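Architecture at a glance
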Amino acid sequence: MANPELSQPPRPSLMRRYFRRVSGENAWFVLLLIPAVVILLGVIVIPMLWTLKMSLANTSVSVVGGRGSVGGQFVGWRNYIFLLTDPQFWVALRETLYFWIVSIGIEVTLGIGMALLLNRPFRGFWLVRAVIFIPWAIPTVVNATLWGMIFNGNNYGALNDLLLRWHWIAAPVVWLNPSPLFARIPWLSHALSAIGSNLAINAIIVGDEWKTLPLVAFLVLAGLQMIPQDFYEAARIEGASAWTQFNKITLPLIGPVLSVVLILRTMQLLRAFTILFTLEGYGLPVLSIGAYQQAFSFGNFGIGSAEAFIIGVMALVIAYFYVRKLYREEMQ
Amino acid sequence: MHFWRKFSLAAAGLTMVVAGCGSSPSATPSSSSVHTITLNVLYMNQAGYTTQVLQKMGQEFAAKYRSDHVHVHFTFLPYPEMHNAIVTAAAAPTAQYDVVLSDLIWTAEFAQKGYTIPLNSDINRYISNPQGIPSAIWNGFTINGKIMAMPFLANFQNFYYNKKMLQQAGFSGPPKTMNQWLAQMVALKQKGIVQYPYEDSWKQAEGLTCDYVRTAGEFGAHLFNKQGQPIMNQGGALQALTFMHKLYQDGLVNPNSLTADEPTAADAFASGQAAFNTNWTFVTGIMNTPSESKIVGDGVVGTFPVQPGTNTATGTASVSGFQGLAIPANVPANMQTWAWKWIQFATSPQVQAQHLHSQWPVWSSVASSSQEQQLNPAYAVYEANLAGVYNRPKVANYLQVSAIIQQYVHEAIQGTIPVQTAANDMVQQITALGK
């Protein structure tokens, strides 16, 4: 009886099988994919793993024998434990979540509202669309500086000057100072402070939304324009009100676009840095600024990396729920 | 397989070509095959000597060493980015900068972590008269006997006042005591001469720590005792914090001070919106420049008011902001020689004497020269304030300590936390850092 193992040709190695599979018509596909994979590995995967490694060590910069390096002893979860037991971290988390939730809220409501307005044909609507999009083209640092001038706390600050001329305020308001809101109503002031609301962060949200809202509106507008008009005509014939049309047709059908916008903006808002740092320096603690301060100002690269990694994980978790909801809706 | 071999070879070749495009930042062969030495210098573009003055110094240095083909390349950064740039550059195997501008508050950190090298041997060998620089300045850069930077900028704070406004309020001169200062501010406000008599840089940043150290100094106190323990919750340091809060509460200081940095506060003073400003030496130039100032001829620099019975030796109290030139530890040995030559050149009394209009010199001989007296009629006031400087704490984790001070002083001033509570919390947190 012949040995079946001997009668069969030897099994090719894994690498050989892989190359055999891609050597045909898939070869170009794989070849064209390589740059993207290399870039993703180089600028996302490897830095993320490196950050994780740094966050698990007592990482610092050292110069030994005339050569500089970054390294440190493995300390396990100590940096994460330090952060989670540090009251400053929780203050920064609160500010970050406030910044994210309020910004997202404004973007969803006003963004959809703006998109609905822009979706109606009117004279010169191309011009209006172009003008509205201008803020998005302004670099973030320039936008921050611009709003710094508008919110300048002296009487020559643009907003103060306007409000003083209109006699809406008696004295200049220091908009960019993180002072409590409604200080004359203690219970309200405390309640707002407890959720991370103060004058400065709300002013910065206004400045940030001025730049970002047009992008959100245009993405939603793109979604609106893909909805067939037949749906609305049918609904009108059935006697559906404007609200019912919006609730039953518009909102579900722009859902996928909205989910993408939410994912994109959540990622941006949780790691928001430029506008906050330009206007406040280290004076308004959010997680991204805390991570930067720990690493580059205090030299605690391990703790800074841990804080940065927490921001990344938070963004991933939130994005996961968005994506899951998106796919569920698409499956239905 | 043949394809993959070709592809791999092509990729390797391309990599080598791309890698070959890089060049050493320090020694660059020019097209005429002359070996040019490029000295990379990190400097700030915020205060001290202007970028134009630095460029001119660089050209003069290159001219001096023309036969060696030396070129000085400057990187100018805002002050708040300087520390981060130095630390990041220290992480590289070979230095990005051959000379860096080092603030005195980083001395202990850089010495402990070995980011810059001690300059004792070069100073002992090449600086013939180190006593020509005041000991207060040397002390700022010396830790455990190691001199970590060569003094370059003798920056300190001055007391600026608008004499016209004071005259309008009925005062013949600036205040000498803290109570007189307070009375003058109250009078200026009550008489409607100015809405906010005082503007300062109380943004939650390093400038706030400087102002707190100086105000405590005006009350004759330090923030730390001789054992290095924080004492903000008692004595003069607590009085200083109470004083700052009172100024805010009574509307004597512009509330915008809470978001203002030094240039913003200087602009407010120069535009006639404040009668008093306590700021670095650069304000002298601004207030006397017609294109930048509405108070030319009215702005005067004076000594600081102090609490009676304190600061008897100097009669004033300022805060130091000295900056020096340092050599990063990862600078190759051959470039360290050129780095020192540049430091010796830029900090020399001869070069500093050429740029008196831009910066107060570190050398006493230059500061008291007839040239300086002619350029700066208030040179005697400068010398008094320099003699009366208080230093910020010299600790390796200074930036962490300062961040705590900034946070609680900011909150105490605006009253979100009672002054005593803020001072106690500040002491508690700073003490916990050392454990």
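The rules behind the values
Residues numbered from 1 in each chain as written. Chains lettered and ligands numbered in written order. Predicted model: local features only at pLDDT ≥ 70, side-chain atom pairs only at ≥ 80, totals over all residues. Heavy atoms only, no water. Core = buried A, V, L, I, M, F, W, Y, C linked by side-chain atoms within 4.5 Å. Buried < 20%, exposed > 50% of the residue type's maximum accessible area, 1.4 Å probe, protein only. Helix = DSSP H or I, 4+ residues; strand = E, 2+ residues; numbered from the N terminus. Contact = heavy atoms within 4.5 Å. Pairing = 2+ DSSP bridges. Domains from an automatic or database assignment. Buried area = accessible area lost by both parts, 1.4 Å probe. Polar contact = N/O pair within 3.5 Å; in protein donor to acceptor, adjacent residues only side chain to side chain. Nonpolar A, V, L, I, M, F, W, Y, C, P; charged D, E, K, R; others polar.

Further remarks concern the nonpolar core. All names here are of chain B. By size, the foremost hydrophobic cluster in this structure holds 95 residues, and its most contacted members are Phe61, Met150, Phe152 and Trp342. Among the elements that take part in this core, helix H13 (residues 333–346) stands out by supplying eight residues, more than any other. The residues contacting Met150, other than those within four sequence positions of it, are Leu119, Ile123, Ile127, Ile133, Trp138, Gly324, Leu325, Trp340, Ile343, Thr347 and Trp363. In this structure, Phe219, Trp280, Tyr390 and Val419 belong to the second largest nonpolar core, which totals 54 residues.

Before going further, it helps to examine the sheet that holds strand E8 (residues 157–162) of chain B. Pairing between sheet strands relies on hydrogen bonds along the backbone, with the strands arranged either parallel or antiparallel. Residues and elements named next belong to chain B. The strand order across the open sheet built from four strands is E9-E10-E8-E11, with neighbouring strands paired in mixed fashion. Of all strands in the sheet, those bounded by a partner on one side alone are strand E9 (198–199) and strand E11 (299–302). Relative to strand E10 (residues 276–280), E9 runs parallel, the two being bridged by two bridges. Following the sheet pairing, Tyr198 is matched in E10 by Phe276.

For the rest of this paragraph, the subject is the domain arrangement of chain A. All names here are of chain A. Structurally, chain A comprises domain 1 (12–71) and domain 2 (86–331). The distance between the C-alpha centroids of domain 1 and domain 2 comes to 34 Å. At the junction of the two partners, domain 1 supplies nine residues and domain 2 supplies seven residues. Both faces considered, domain 1 and domain 2 share a buried interface measuring about 650 Å² in area, 79% of it formed by carbon and sulfur atoms. For the domain 1 face of the interface with domain 2, the top three residues by lost area are Thr51, Met54 and Ser55, together amounting to 45%. There are two residue pairs in polar contact (both at pLDDT 80 or more) connecting domain 1 and domain 2. Within the residue set of the side of domain 1 that touches domain 2, elements represented by two or more residues are helix H3 (26–55) and strand E1 (60–64). The dominant element in the side of domain 1 that touches domain 2, judged by the number of residues it contributes, is H3, at five residues. Residues belonging to the side of domain 1 that touches domain 2 are distributed by class as follows: five nonpolar, four polar and no charged.

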